[in-house]
Amino acid sequence: MTIYIAICDNNIADRKQTERLLEREKDKRLHDNCDVLYIDSFGSEEALMATPIKYDIFFIDVTDPSANGMDVAKRLRLKGIIAPIVLCQSTVSYTSYVNAPEEIIYIEKPISAGQISHLIDVACEWVKRKTPLIEIRCQKDTRFIKFDELVRAYPIDSFYTRVCLSDGEFLDMTDSVSSLAKQCESYGCFIRCRKDIVNILHIENAIDKGFRLSNGDTVHYSFSQKRSIIEVMASNMTRLRHDQ
């Protein structure tokens with residue numbers, strides 16, 4: 001299992017101590033059960049907010065006069081982040097807030113190795129329940145998107161893939177369409193239309209040998225792809241009936 005961890009603490013000594021405890025836990029779990037922990041450490045909210053969606057647990061204590069850890073937690077929840085958030089109390093008493101967001105864990109500093117181990121278990125349970133994200137590696141950064149945000153993807157050339165998102169944004173992925181298709185296989189809602197990858201959740205209308213998508217694009221399929229497209233659509237209809 002792979003777990004992504006974020007530390008956000010503007011106290012350098014405390015941040016380094018949390019890093020050391022997590023590194024020890026990382027070594028222990030890799031040896032015991034091959035779990036892999038990726039640990040990113042930030043000294044400010046601004047740095048943390050670049051790609052918060054990738055993380056499975058947050059360890060936060062910010063004590064700036066203009067904002068504190070509770071403010072950071074609220075902004076994460078407003079951005080749709082539902083992963084566990086741990087507020088580590090030092091000079092700010094986070095438990096005294098009456099309008100705290102849901103699903104916040106409170107611990108007192110200094111943090112112990114036992115608390116770290118328990119909280120990584122919490123993150124493991126979250127990872128088991130969450131819907132995996134699709135990793136889009138671009139030239140300057142890496143984005144993690146939800147499967148239902150991806151409308152369509154198509155090759156620009158042999159090395160780049162244009163990814164069209166539901167909010168109208170475009171990402172140029174530095175990899176092939178085939179590589180992206182492998183990531184999308186497990187979701188069961190993606191089809192191939194000629195060289196394109198199409199999310200059937202964003203099909204609005206059928207046209208002659210193709211579809212019109214929610215972003216206004218049109219795509220066409222080849223005759224040889226028709227059978228696999230029907231199979232994916234039938235599978236999703238069956239799943240929808242079972243969920244009702």
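That block above? That's the structure.
Right, let's walk through the structure included here. Keep in mind that this is a model prediction, so the values were computed, not measured. (Residues numbered from 1 in each chain as written. Predicted model: local features only at pLDDT ≥ 70, side-chain atom pairs only at ≥ 80, totals over all residues. Heavy atoms only, no water.)

Grouped together as the largest cluster of nonpolar side chains are 40 residues, with contacts concentrated most on Ile5, Phe58, Phe59, Ile60 and Leu76. Secondary structure elements with two or more residues in this core: β1 (2-9), α1 (12-33), β2 (36-42), β3 (57-61), α3 (69-78), β4 (85-89), β5 (104-108) and α4 (113-129). Tallying contributions element by element places α4 first for this core, with seven residues. (Core = buried A, V, L, I, M, F, W, Y, C linked by side-chain atoms within 4.5 Å. Buried < 20%, exposed > 50% of the residue type's maximum accessible area, 1.4 Å probe, protein only. Helix = DSSP H or I, 4+ residues; strand = E, 2+ residues; numbered from the N terminus.)

We now examine the pattern of salt bridges. For the structure shown, the criterion picks out 17 salt bridges. A salt bridge links Lys109 to Asp61; the shortest N-O distance between them is 2.8 Å. Placement of Lys109 in the loop between β5 and α4 and of Asp61 in strand β3 is noted, with a sequence separation of 48 residues between them. The pair Lys109 / Asp61 is uniform in exposure class, with both members buried. The network of salt bridges with common partners includes Asp9, Asp14, Asp61 and Lys109. (Salt bridge = Lys/Arg side-chain N within 4 Å of Asp/Glu carboxyl O.)

Relative to strand β14 (residues 210-213), strand β13 (residues 203-207) runs antiparallel, the two being bridged by four bridges. Looking across to β14, one finds that Ile203 is bridged to Leu213. Linking β13 to β14, which pair antiparallel, is a turn of two residues; within it Lys209 sits at a positive phi near 55°. (Pairing = 2+ DSSP bridges.)

The next subject is the sheet that holds strand β8 (residues 150-155). What the five strands build is an open sheet, ordered β10-β9-β8-β12-β11; its pairing is antiparallel. Every other strand in the sheet has two partners, leaving β10 (170-173) and β11 (190-193) as the edge strands with one partner each. Sheet twist, expressed as the average angle between the axes of neighbouring strands with direction ignored, equals 20°. Looking at chain direction, β8 and strand β12 (residues 196-199) are connected through two bridges and run antiparallel. Bridging across to β12, Arg152 finds its partner in Val198. (Axes fitted to C-alpha atoms, helices over the stretch in contact; angles between N-to-C directions.)

All right, on to the sheet that holds β14 then. An order of β13-β14-β15 is seen for the three strands of this open sheet, with the pairing classed as antiparallel. Each of the sheet's edge strands pairs with one partner strand only, and the pair in question is β13 and β15 (218-220). Here the average twist between neighbouring strands, direction ignored, is 25°.

The subject of this paragraph is the environment of Ala100. Within the secondary structure, Ala100 is located in the loop between β4 and β5. Residues Ala100 and Lys74, 26 residues apart in the sequence, show an inter-C-alpha distance of 7.3 Å. Setting aside residues no more than four positions away along its own chain, Ala100 makes contact with Met70 and Tyr106. (Contact = heavy atoms within 4.5 Å.)

Below, the discussion takes up helix α5 (residues 177-184). Those residues of α5 not exposed but buried are Val177, Leu180, Ala181 and Cys184. Along the axis of α5, the buried residues cluster in a sector spanning 105°; they form a single face. Packing partners of the buried residues in α5 comprise β6 (134-137), β8, β9 (161-165), β10, β11 and β12. (Arc of directions from axis to C-beta.)

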